[in-house]
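Take a look at the letters that make up each chain.
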Amino acid sequence: MYKTKIIDFLKLLNPLQIEELDLFIGSEYHNRGSMRTDTIALFQVLKQYYPDFLHDDLDREKVYKTLFPDKKPLKGKLEKTISELHRLTKEFLLVQSYQNSEDQFQKSMDWARILKDLKGADNYAFQIEKIEKTFFNNTNLSAEYYYKKFRFEYEKFDWLTFSNNAKEDVNLPNTFTSLFDFFEVYRLELSNFLLLQKKLTNFEISSLLLQSFDYEFEFVDAKNNVIYDINRRINHLLRANTPEVVQFYELLDLLQKNEHVLTPDILRDYYVYLRNICTILVNGGDEQMNTVLHQIQRDNIRLGYLYLNEKLPVFTLVNITRTAIRAGNIEWALEFIEDHKDRLIDNIDSPDYYLVNKALCLFALGKYEETLDLLPQHSPNVIYHLIARRTEIMCYYELGSDLLNYKVDAFKIYIWRASSKFLSESVQEANKAFVNLLFQLMSTTKGDKSRLELLNKRLESKEEVVELTWLRAKIKEKM
């Protein structure tokens, strides 16, 4: 019996669920059929071997003799008992899921339908009124809110059609309005997710689906549906090749003004969209987005959205640091790094995270010698190690050091050989582009305009290259 579905099922349950399943199977209300005694006995046999269910006594023949000691073997009898126990277990999990659910709206709607089935018109009307007051007060807005609103308005419509006296609208206008709100909110939400995924992953989109992105639904009033308005604005940002900075600030302002009515989860998701869109544009060379991204990050810090258990992931810290530097807010970055040096999350406890982030600020201030003093030679985190080595190379370039060629060669070997086993292809290519372009820059004479223009074209044509802003500035310096 080791590979039966019921054993696979029981392995997934925790000890408390096993005990409650015992009570469920023993209940005459839930288990009242002709196989009641057999299923109870089978569960008691299996329960002994929870959670591993590895024992010689679980052999099918032994289990059969235990359950039916005085009966001749009947083909399929054990299988039927196993199947019935499996059905009861599924029913138990469904009942438990419903009882433990935090979705009070679903329970309230189910109770209303029960009252309707019982022909309790007055009680049903009271329950419907209670649902409306409890769940639809224009707070805790999310896509789910509009889905529930449609279900609620349709329930009212369904009830009124039973007593249709041709003297009222049977709630059809409200049902249509809620349907349009629900449909458009979800269409835009899914469209936005797909458009963002398309920027990160290469896959085909059908022409029909592409047409739906340009579709504007005229039956939804953005003034009365803030979720629709926000999703629509995000959609416009994702569809634009070069969105205007003002669009980001308008959306940020809209989010801030509606913080009190949006659910924390949906607000967090909207900020994720904003950060991702800005990051994609910044990585593509749109430097004006640095200021926007910096403001969004600062706002998210205020709301606590970038923390995990009040601590900051080390990758989030370096993203915040580099964005603040590019936005020209280095002093703020230094203060932020100091405030968070003891509030970082990683599977390896290391001072390198603090040192590398501070070194980035000092490099931006032109304090190259001090930067070199801070940079660790080895870091347990590979991304931080790459940042440290690139920053070291850039320091030696700025200082005109004789060690520059040696450091660049060492970094090239690391990227081409040692790191190929654990770095993703995109990270490798971005770092290889940095090395190749830097080599060409080092071998180019100052004032060689034609060669420098060619080098600049190569830089801008690269889809992925780290330290893009710095390389761009160094090419410009030599022109």
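Placed above this text is the structure.
The following refers to the structure shown. Here the structure is a predicted model, which is why all the values come from computation and not from measurement.

1. Overview of the packing of helix 19 (residues 382-399) against helix 21 (residues 425-442)
Here is step 1 of the chain: Their axes nearest at 13 Å, the elements helix 19 and helix 21 cross at an angle of 10 degrees. Here helix 19 lies roughly parallel to helix 21, going by the angle between them. Seen from helix 19, the contacting residues are L386, R390, I393, M394 and Y397; seen from helix 21, they are V427, N431, F434, L438, L441 and M442.
Here is step 2 of the chain: When grouped by side-chain class, the residues that make up the contact of helix 19 with helix 21 number nine nonpolar, one polar and one charged.

2. Description of helix 12 (residues 245-257)
Here is step 1 of the chain: For helix 12, with 13 residues, the first-to-last C-alpha span of 19 Å sits near the 18 Å given by 1.5 Å per residue.
Here is step 2 of the chain: Within helix 12 the residues assigned to the buried category are F248, L251, L252, L254 and L255. Down the axis, helix 12 shows its buried residues gathered within 160 degrees of arc, on one side only.
Here is step 3 of the chain: Residues of helix 12 that are buried sit in contact with helix 11 (226-239), helix 13 (264-283) and helix 14 (289-303).

3. Side note on the nonpolar core
Here is step 1 of the chain: Core analysis: the largest hydrophobic core is formed by 58 residues, its most contacted members being L312, F336, F434, L438 and W470.
Here is step 2 of the chain: When residues in this core are grouped by element, the largest group, nine residues, is from helix 19.
Here is step 3 of the chain: What W470 contacts, discounting residues up to four positions off in sequence, is F363, M394, Y397, E398, F434 and L438.
Here is step 4 of the chain: Grouped together as the second largest cluster of nonpolar side chains are 51 residues, M109, V226, L293 and Y305 included.

Cut-offs applied
- Counting of residues starts from 1 at the beginning of each chain's written sequence and follows it residue by residue.
- Residue-level local features of this predicted model are given only where pLDDT is at least 70; pairs of side-chain atoms are given and counted only at 80 or more, and the full residue set underlies all totals for whole chains, interfaces and linings.
- To get the side-chain values, take all heavy atoms of the structure and skip hydrogens and water.
- An axis is simply a line fitted to the C-alpha atoms; with a helix, the fit covers only the stretch in contact. Between two such axes, the angle follows the N-to-C directions and lies from 0 to 180 degrees.
- A run of H or I in DSSP counts as a helix once it spans at least four residues, and a run of E counts as a strand once it spans at least two, with each numbered from the N terminus.
- Orientation labels follow simple angle bins: below 35 degrees gives roughly parallel, above 145 gives roughly antiparallel, 65 to 115 gives roughly perpendicular, and whatever is left gives oblique.
- Pairs of residues are marked as contacts when any of their non-hydrogen atoms sit within 4.5 Å.
- Under the scheme applied here, ten amino acids are nonpolar (Ala, Val, Leu, Ile, Met, Phe, Trp, Tyr, Cys and Pro), four are charged (Asp, Glu, Lys and Arg), and all others, including Gly, are polar.
- Under the convention used throughout, the expected extent of a helix is 1.5 Å for every residue step, that is, one less than its residue count.
- We call a residue buried when its accessible area falls under 20% of the maximum for its residue type, exposed when it is over 50%, and partly exposed in between, using a 1.4 Å probe and counting protein chains only.
- To obtain the arc, one takes the directions from the helix axis to the C-beta atoms.
- Here, nonpolar core means buried Ala, Val, Leu, Ile, Met, Phe, Trp, Tyr and Cys residues that are tied together by side-chain atoms lying within 4.5 Å of each other.

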